[in-house]
Amino acid sequence: MDYILENERPTGSIPPIDFRKELNDEQFNAVTAAPGPLLVLAGAGSGKTRTLTYRVAWLLAQGVQPGEILLLTFTNKAAREMLHRVQDLTGVEPGRFWGGTFHSIGHRALRMHGEVIGLPRTFTILDADESEGVLRDAVDATDKGFFKDKIHPKPGPLHAILSMARNTQLPLSETVQRFFPQHEGIIDQLPRFAQRYAERKKDASVLDYDDLLEHWLDLLRRSPQTAEYFSHRFRHVLVDEYQDTNVLQATLLDLLAGTHRNLMAVGEDAQSIYS
C-alpha cells in the first residue's frame with residue numbers, strides 16, 4: 001500500500017512523506033496506528049524518537065492541527081529537538097505546538113488558569129536551594145531543635161522525603177516506611193512540617209517544582225470547565241520516555257486524555273525506575 005500522503009491536506013500545507021519508505025515495519029505500525037490508547041515499547045537505539053516525530057507528522061497529514069497536539073518529554077531540550085525534526089519534515093514551526101516537560105506544561109497551564117484555584121498569576125518558582133531554604137524555615141518555626149539533632153535529616157534529604165510522597169501520591173508514613181526506613185522515628189512530625197511548608201509557600205506566592213504538577217492536577221480536578229478545555233484542546237497526547245513517568249504524572253495523563261483516549265506513550269520497560 002502506498003502511504004505517500006499527497007492531497008491529504010490543502011496543497012502546500014506539508015510536503016508529501018513516504019511513511020512506508022522512511023520507517024521499518026514496527027515503526028510504521030506505531031506511526032500509522034488508529035486513534036486511541038497506544039503503548040510503544042522499544043529498546044535503546046531502536047528509533048523511539050523517530051517514531052514519535054513521524055507520528056506527529058502523520059497526525060498533521062490526517063488533518064490534526066498543531067495546537068491540538070501535546071508532546072510531553074523529560075527535558076525541554078528533547079522537546080525542542082523533536083519539534084524541530086517535525087518542522088524539517090512538515091514545515092510546521094515548533095511554536096505552534098505545546099511541547100515540553102510535565103513541569104513546563106504545568107507551569108504554562110497554571111499561568112493561564114491558576115486563578116481558578118486561588119493561585120495568583122504572578123507566582124514565583126523556587127529552585128532546589130530556595131525550596132530547601134523555605135522548608136528549613138518552616139521546620140524551624142515548628143520545631144526549633146529539629147535540625148540540631150544529628151540523626152535527623154537535613155533540609156535537602158527532608159525535602160526529598162516530602163517530594164517522594166507527593167510524586168508517588170503515597171501517605172508520608174508509607175513513603176518513609178518504603179523508601180526511607182532510616183527515618184521512621186520522625187514519621188509523626190512530617191505532616192506538621194509539610195503543612196507549614198505549604199503555608200509558607202502560599203503566603204509568599206511561590207511554588208516549588210512539585211507544586212507545578214500538584215496544582216495542575218488540583219486545577220483539573222476542581223475545575224471541570226478547565227479539565228474539559230484541555231481535554232478538547234489536546235486531541236492527541238504523546239509522551240516520550242514513559243518508563244520514567246511517576247504516579248502524579250500518570251494521573252495527569254489520565255485526566256488529559258480521559259475523554260478522547262488518544263494517548264501514545266513510548267518508552268523502554270527495561271529502564272523503568274518507578275515500577
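Residues numbered from 1 in each chain as written. Predicted model: local features only at pLDDT ≥ 70, side-chain atom pairs only at ≥ 80, totals over all residues. Heavy atoms only, no water.

J.: Sorry, what's going on with the packing of helix α10 (residues 209-222) against helix α12 (residues 247-256) here?
T.: A pair of packed helices is captured by two measures, namely the crossing angle of their axes and the spacing between those axes. Remark: α10 packs on α12, axes separated minimally by 10 Å, with the N-to-C direction vectors making an angle of 30 degrees. Considered as vectors, α10 and α12 are oriented roughly parallel to each other. In the crossing of α10 with α12, the sense of the turn from one axis to the other is left-handed. Every residue of α12 that contacts α10 at L213, E214, W216, L217, L220 and R221 is listed here: L248, Q249, T251, L252, L255 and L256. In terms of residue class, the contact of α10 with α12 is made up of eight nonpolar, two polar and two charged. (Axes fitted to C-alpha atoms, helices over the stretch in contact; angles between N-to-C directions. Helix = DSSP H or I, 4+ residues; strand = E, 2+ residues; numbered from the N terminus. Parallel < 35°, antiparallel > 145°, perpendicular 65-115°, else oblique. Left-handed = near helix turned anticlockwise from the far one by under 90°. Contact = heavy atoms within 4.5 Å. Nonpolar A, V, L, I, M, F, W, Y, C, P; charged D, E, K, R; others polar.)

J.: Whenever I open this one, helix α3 (residues 48-61) confuses me. Can you help?
T.: For the α-helix, the turn length of 3.6 residues means that residues three or four positions removed from each other point alike. With 14 residues, α3 should cover 20 Å at 1.5 Å per step; its first-to-last C-alpha distance of 20 Å lies within 8% of that length. For α3, the buried fraction is high: 12 of the 14 residues fall into the buried class. For α3, the complete set of buried residues consists of K48, T51, L52, T53, Y54, R55, V56, A57, W58, L59, L60 and A61. Residues of α3 that are buried sit in contact with α1 (19-22), α2 (25-31), β2 (69-73), α4 (76-90), β6 (236-239) and β7 (263-267). Positioned one or two residues after α3, G63 has a phi angle of 100 degrees, which is positive. (Expected span 1.5 Å × (residues − 1). Buried < 20%, exposed > 50% of the residue type's maximum accessible area, 1.4 Å probe, protein only.)

J.: Just to check I follow, could you spell out the sheet that holds β2 for this structure?
T.: Hydrogen bonds between backbone atoms are what pair the strands of a sheet, whose relative direction is either parallel or antiparallel. Pairing within the open sheet is parallel, and its five strands lie in the order β1-β7-β6-β2-β3. On the outer flanks of this sheet lie β1 (38-41) and β3 (98-101), each paired with one strand and no other. In this sheet, adjacent strand axes meet at a mean angle of 15 degrees when their direction is disregarded. Note that β1 and β7 share four bridges and pair parallel. Bridge pairing in β7 places V40 opposite V266. (Pairing = 2+ DSSP bridges.)

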